[in-house]
Amino acid sequence: MKITRIEAIPYAIPYSKPLRFASGEVTVAQHVLVRVHTDDGVVGVADAPPRPFTYGETQRGVLAVIEDIFAPQLVGTTLLEREVVSDRLSRTVGNPVAKAAVDMAVWDALGKTLDLPVTDLLGGYTDRMRVSHMLGFDEPAAMVAEAERMRDTYGITTFKVKVGRTPFQLDTAVVRALREGLGEEVELYVDGNRGWTPAESARAMHEMADLGLLFAEELCPADDVLGRRWLVQQCDVPFIADESAVTAADVTREILGGAATAISIKTSRTGFTGSARVLHLAEGLGIEVVMGNQIDSQLGSMCTVVFGSAYRLTSRRAGELSNFLDMSDDLLTEPLDIRDGHLAVRPGAGLGVEVDPDKLAHFRTDH
Ligand code: MUC
Ligand code: MG
């Protein structure tokens, strides 16, 4: 069970449909595949999707921090010493995506070593999640058409709509068109990625008051401290902190400071160990959680469903699990299959997925 080697492999897969949102755009998945090897010959895997516009990490930065700092610190520890692993990772400030991938690859290796699914080791609550699809910026008709395609093809009936453009009417028109086009039975919520001011957010929410929104997420920056608190106080739906509340300490500060009333958990930035800490804090605080998407690959989306299915609170709401559908290809041997609006965990050991060596050889960019 001893960790002998940690590999970080850069790869690039173009998106067939780029995702655009207030804080950025993703056209190519320039991720890092992390592999944790043990002395038993087991290899655990996880995916690191760097998001410079959200956390400041880049693909080359993820490679460097894993190769230069994390690997030397962790080689020699065992898969059972996960608290030692997270303690050593925490000596480095920031780098959430790199740390999360190392943590999840350790969990995958542990599951494979014990011949047990990680989702059962974590909590074993259920075996699937309802899927929520993220709709990036476009014209109202195109966004309605995409939502209809997701509903008709995959049975998805929950949509997170990217907002935060100026003027805000560009976005409120989209949300209205979605409600009118898809009817009352779909769930809709909005994510501004900090694009609006508090006043614009308040006006937009007022204009959408009759649209039956489920949540509002990061409409304005949390750094607009008093403005954000003013906005959240008047919001009549739970206000989700996403990129403003990554760690358990961030969540405590933002929730107690009145900057949010719900949180997004993303395994891509807190792994399984950190996500469990955030989840249990949210339970103690009595706030809603949503399993979020960091524009994840299939491997990243599998990690989200492995964690989300493991607990009652995370599986209550639809999880954001479908944006890999917009990638032109992926690394897994067996593609994820969204059916009847749900994504199920796989029964196998670890994460239950395998990386296809031919695909990795084709998409890796380090040779
Ligand atoms: C989201 O929920 O904000 C966009 C940027 C990012 O880091 O994640 C996505 C989705
Ligand atoms: Mg968000």
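Residues numbered from 1 in each chain as written. Chains lettered and ligands numbered in written order. Predicted model: local features only at pLDDT ≥ 70, side-chain atom pairs only at ≥ 80, totals over all residues. Heavy atoms only, no water.

In the annotation of an unreviewed UniProt entry, the entry for the protein reads Enolase, and the organism field reads Nocardioides iriomotensis. The UniProt entry for the protein carries this comment under Sequence similarities (unreviewed entry): "Belongs to the mandelate racemase/muconate lactonizing enzyme family." (UniProt positions renumbered as here; feature names shortened; annotations may be inferred.)

### Quick notes on unusual backbone geometry
Note the cis peptide between Thr 166 and Pro 167, where omega equals -5°. The phi angle at Asn 193 is positive, at roughly 40°, despite the residue not being glycine. Judged by relative accessible area, Asn 193 falls into the buried class, the value being 7%. Not every positive phi belongs to a glycine, and Ile 295 is a case in point at roughly 60°. Along the polypeptide, Ile 295 turns up in the loop between β10 (288–291) and α12 (298–308). Owing to a relative accessible area of 5%, Ile 295 belongs among the buried residues under this scheme. (Buried < 20%, exposed > 50% of the residue type's maximum accessible area, 1.4 Å probe, protein only. Helix = DSSP H or I, 4+ residues; strand = E, 2+ residues; numbered from the N terminus.)

### Structural notes on the sheet that holds strand β2 (residues 24–38)
Reading across from one edge, β1-β2-β3 is the order of the three strands in this open sheet, with antiparallel pairing throughout. Looking at which strands have only one partner, the edges of the open sheet turn out to be β1 (3–21) and β3 (43–48). Within the sheet, the average angular offset between the axes of one strand and its neighbour, ignoring direction, is 20°. Note: β2 against β3, six bridges, orientation antiparallel. Considered in β3, the bridge of Leu 33 is made with Asp 47. (Pairing = 2+ DSSP bridges. Axes fitted to C-alpha atoms, helices over the stretch in contact; angles between N-to-C directions.)

### Considering the pairing of β3
Among the six residues of β3, five are classified as buried, and the element is accordingly described as predominantly covered. In this structure, the hairpin formed by β2 and β3 is closed by a connection of four residues, where Gly 41 is found at a positive phi of approximately 85°.

### A word on the site of ligand 1
Within the structure, ligand 1 sits among 15 residues, and Lys 160, Lys 162, Asp 191, Asn 193 and Asp 242 are positioned closest to it. Separating an oxygen atom of ligand 1 from a side-chain N or O atom of Lys 160 is a distance of 2.7 Å. Asp 191 is positioned with one of its side-chain polar atoms (N or O) 3.0 Å from an oxygen atom of ligand 1. When ligand 1 is considered free in solution it has 280 Å² of accessible area, and contact with the protein chains removes 100% of it. When contributions to the shell around ligand 1 are tallied by element, the ones reaching two or more residues are α1 (52–55) and β5 (158–162). (Near = heavy atom within 4 Å. Polar contact = N/O pair within 3.5 Å; in protein donor to acceptor, adjacent residues only side chain to side chain. Areas by Shrake-Rupley, 256 points an atom, 1.4 Å probe, with all protein chains shown as cover.)

### Overview of the nonpolar core
Counting residues in hydrophobic clusters, the biggest one holds 118 residues, and the most contacted among them are Ile 66, Val 161, Val 190, Ile 263 and Phe 272. The element contributing the most residues to this core is helix α4 (residues 96–114), with eleven residues. Mapped onto the domain boundaries, this core takes at least three residues apiece from domain 1 (3–115 + 358–363) and domain 2 (120–344). Here Ile 66 is in contact with Ile 6, Ala 8, Val 34, Ala 71, Pro 72, Ala 98 and Val 102, once residues within four sequence places are set aside. Residues Tyr 189, Ile 240, Ala 262 and Val 290 belong to the second largest nonpolar core, which totals six residues. (Core = buried A, V, L, I, M, F, W, Y, C linked by side-chain atoms within 4.5 Å. Domains from an automatic or database assignment. Contact = heavy atoms within 4.5 Å.)

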